[in-house]
Protein chains: 2
Amino acid sequence: MHKFGIENYIAHLSIDCVIFGYQNNELKVLIAKFKFGQNVWALPGGHILKTESVDKAASRILKERTGLENIYLEQFRVFGDENRIHTHNFKEVMKEELKKFDAQRFTPSVIEWLTSRFVCIGYYALVDINKVSPQNGEFDEYLEWRSVKDIPPMTYDHDEILTLALTALRQNLDEKLIGFNLLPETFTMREVQALYEAVYDKPFAMNNFQKKILDLNVLERLEKKFTGAQNKAPYLYRFKRN
Amino acid sequence: MHKFGIENYIAHLSIDCVIFGYQNNELKVLIAKFKFGQNVWALPGGHILKTESVDKAASRILKERTGLENIYLEQFRVFGDENRIHTHNFKEVMKEELKKFDAQRFTPSVIEWLTSRFVCIGYYALVDINKVSPQNGEFDEYLEWRSVKDIPPMTYDHDEILTLALTALRQNLDEKLIGFNLLPETFTMREVQALYEAVYDKPFAMNNFQKKILDLNVLERLEKKFTGAQNKAPYLYRFKRN
DNA sequence: GCAAAAGTGTTTATGCTACACCCATGA
DNA sequence: TCATGGGTGTAGCATAAACACTTTTGC
């Protein structure tokens, strides 16, 4: 493999992505376990080509990790502390490990570039978890969907980035109707409610919730869904396409 | 003057500031008229030192232009289009003018650096307009407070940056109680209302507005303000410090 | 029929809007 | 005493929360 092409990317500026999915009544985040170090976790991220827009870079990075295009993506904050990388212990581990990893590809100057100070643009993404086939990045041992309630400590300031992404998601879920990006094509009202409960980590009353969602006038009711359970079959809904 | 120290700054990353003030019942923005070109206007901006945080860079830039410290500042969006500078006519004007301006200070490599592709972090600031003494930047002929309703076309995508700053301000004014940063130490309820009317560009009913603001429980009522007008003297208020 | 969960209707509380009214001030 | 604008109270409306009830499904 040829040398890592630092000259193609904007230096000192990176993107980190908080990829939200929803499964088994839990809000989940796709995080990466590194090959380096012991039990080192991080948010998927990447760099911006000198010739591409920041938004396109985020889409590209998302596609590389999930295989999906046209993902719902939202830029939510810049993390620009001067010490967010510099004072972190993991920086030195990273330097050592990169050297051992592939000396051809990661020359001293590349390693210096990769471990220098970075300003990070935080994006969050909403995906239908069933459609995603996670793809390891170059430094990833594997990717894993983890409940937001069970996130291991992550490198640098990634814990803070996740926290603020969740805050931004909560603020936008209602207003921008983005929650439906987390659900499959058709879904029951109960599933929408369970999603909201997972995001906000609190219960909603069924009748009021249903009224609120239907009053948004963005769903169309389809046929009933017979599950074989001995109770009334719930209706399926679909997001209206105008 | 010595050479412009590009080596001290992060390349391809800049900050632009929308500085809001309030005067004569109008919401105003501090914008700069350039020495270069004809009638060229821009938002105040600057670069980020390699050793300083993004937030501190924004504070520094604000202090350079307004003389104020501890300004209310909010990062609201990143502008990362790959062509936001590149395809803009003004880029070529800028290159020419910088060369003529000071060939010692603006060497070809510095000019190349300054007119290359930039990703911009947008901040908005709220200031008490009476406390500000505008200071010209290096390229500014003068700075001017202009009503948001009377902004001349600005360079690059600065018009869009201003529009989105105003959107962000409107979203935050209520929730974060930031509006009081635009007012002097003490003020009447009528003045608060006029400020809100200027920001949202719509009228509010006096009694309901007063109730809403007082219910926030963040103001303390002081003595009356006698203006000599032949009507009931309004109370002065002050923002509570806890 | 019965348990389980879906779905709907009604009442209550809350907050916002609109209207009506009173009060202080200086000429 | 009057015009002017400040300040307060209350009724009406719309929205949201709480409570109660009916319906469907498979055993």
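Residues numbered from 1 in each chain as written. Chains lettered and ligands numbered in written order. Predicted model: local features only at pLDDT ≥ 70, side-chain atom pairs only at ≥ 80, totals over all residues.

- Under the annotation held in an unreviewed UniProt entry, chain A carries the name NUDIX domain-containing protein and is attributed to Emticicia soli.

### Section: the overall build of chain A
Logical step 1: Each helix and strand in chain A was counted, giving six helices and 10 strands.
Logical step 2: By residue count, 31% of the 242 residues in chain A fall in the buried class.
Logical step 3: Counted over contacts in chain A with a minimum sequence separation of 6, partners at least 24 positions apart contribute 72%. (Helix = DSSP H or I, 4+ residues; strand = E, 2+ residues; numbered from the N terminus. Buried ≥ 20, exposed ≤ 12 C-beta atoms within 10 Å, placed from the backbone. Contact = placed C-beta atoms within 7 Å.)

### Things to note about the packing of helix α5 (residues 189–200) of chain B against helix α6 (residues 206–215) of chain B
All names here are of chain B.
Logical step 1: Between α5 and α6, the least distance of the axes is 10 Å, while the angle of their chain directions is 100°. The angle between α5 and α6 falls in the class roughly perpendicular. Side by side, α5 and α6 meet where M189, V192 and Q193 of the first sit next to M206, F209, Q210 and I213 of the second.
Logical step 2: Of the residues assigned to the contact of α5 with α6, the class counts are five nonpolar, two polar and no charged. (Axes fitted to C-alpha atoms, helices over the stretch in contact; angles between N-to-C directions. Parallel < 35°, antiparallel > 145°, perpendicular 65-115°, else oblique. Nonpolar A, V, L, I, M, F, W, Y, C, P; charged D, E, K, R; others polar.)

### Side note on the protein's contact with DNA strand D
Logical step 1: In the vicinity of DNA strand D there are 22 residues, among which A:Q230, A:K232, B:N207, B:N231 and B:K232 approach most closely.
Logical step 2: Going through the elements one at a time, α6 (206–215) of chain A together with α5 and α6 of chain B are the ones with two or more residues in the surface near DNA strand D. (Near = placed C-beta within 6 Å.)

### Examining the protein's contact with DNA strand C
Logical step 1: Residues in close proximity to DNA strand C total 22 residues, the closest being A:N207, A:N231, A:P234, A:Y235 and B:Q230.
Logical step 2: At the level of elements, α5 (189–200) and α6 of chain A together with α6 of chain B are the ones that each hand at least two residues to the surface near DNA strand C.
Logical step 3: Class assignment of the residues belonging to the surface near DNA strand C gives a composition of seven nonpolar, 10 polar and five charged.

### As for the sheet that holds strand β8 (residues 186–188) of chain B
Residue and element names in this part refer to chain B.
Logical step 1: Read from one edge of the open sheet, three strands run β8-β10-β9, paired in antiparallel fashion. Each edge of the open sheet is held by one strand with a lone partner, namely β8 and β9 (219–224). Averaged over neighbouring strand pairs, the angle between their axes works out to 40° when direction is ignored.
Logical step 2: In the packing of α5 onto the sheet, contacts are made with β8 and β10 (235–239), and the angle to β8 comes to roughly 80°. (Pairing = 2+ DSSP bridges.)

### Some details on the sheet that holds strand β9 (residues 219–224) of chain A
All names here are of chain A.
Logical step 1: If you walk across this open sheet you meet the three strands as β8-β10-β9, and the pairing is antiparallel. Strand pairing shows two members of the sheet lacking a second neighbour, β8 (186–188) and β9, which therefore form its edges. Strand after strand, the sheet turns through a mean of 40° between neighbouring axes, direction not considered.
Logical step 2: Here β9 runs beside strand β10 (residues 235–239); their pairing, made up of four bridges, is antiparallel.

### Some details on the interface of chain B and chain A
Logical step 1: The interface of chain B with chain A comprises 18 residues on the first partner and 18 residues on the second.
Logical step 2: Within the residue set of the side of chain B that touches chain A, elements represented by two or more residues are β1 (9–23), α1 (54–66), β5 (72–79) and β6 (119–126) of chain B.
Logical step 3: Looking at which element gives the most residues to the side of chain B that touches chain A, the answer is β1(B), with four residues.
Logical step 4: Here the side of chain B that touches chain A is built from residues that sort into seven nonpolar, five polar and six charged.

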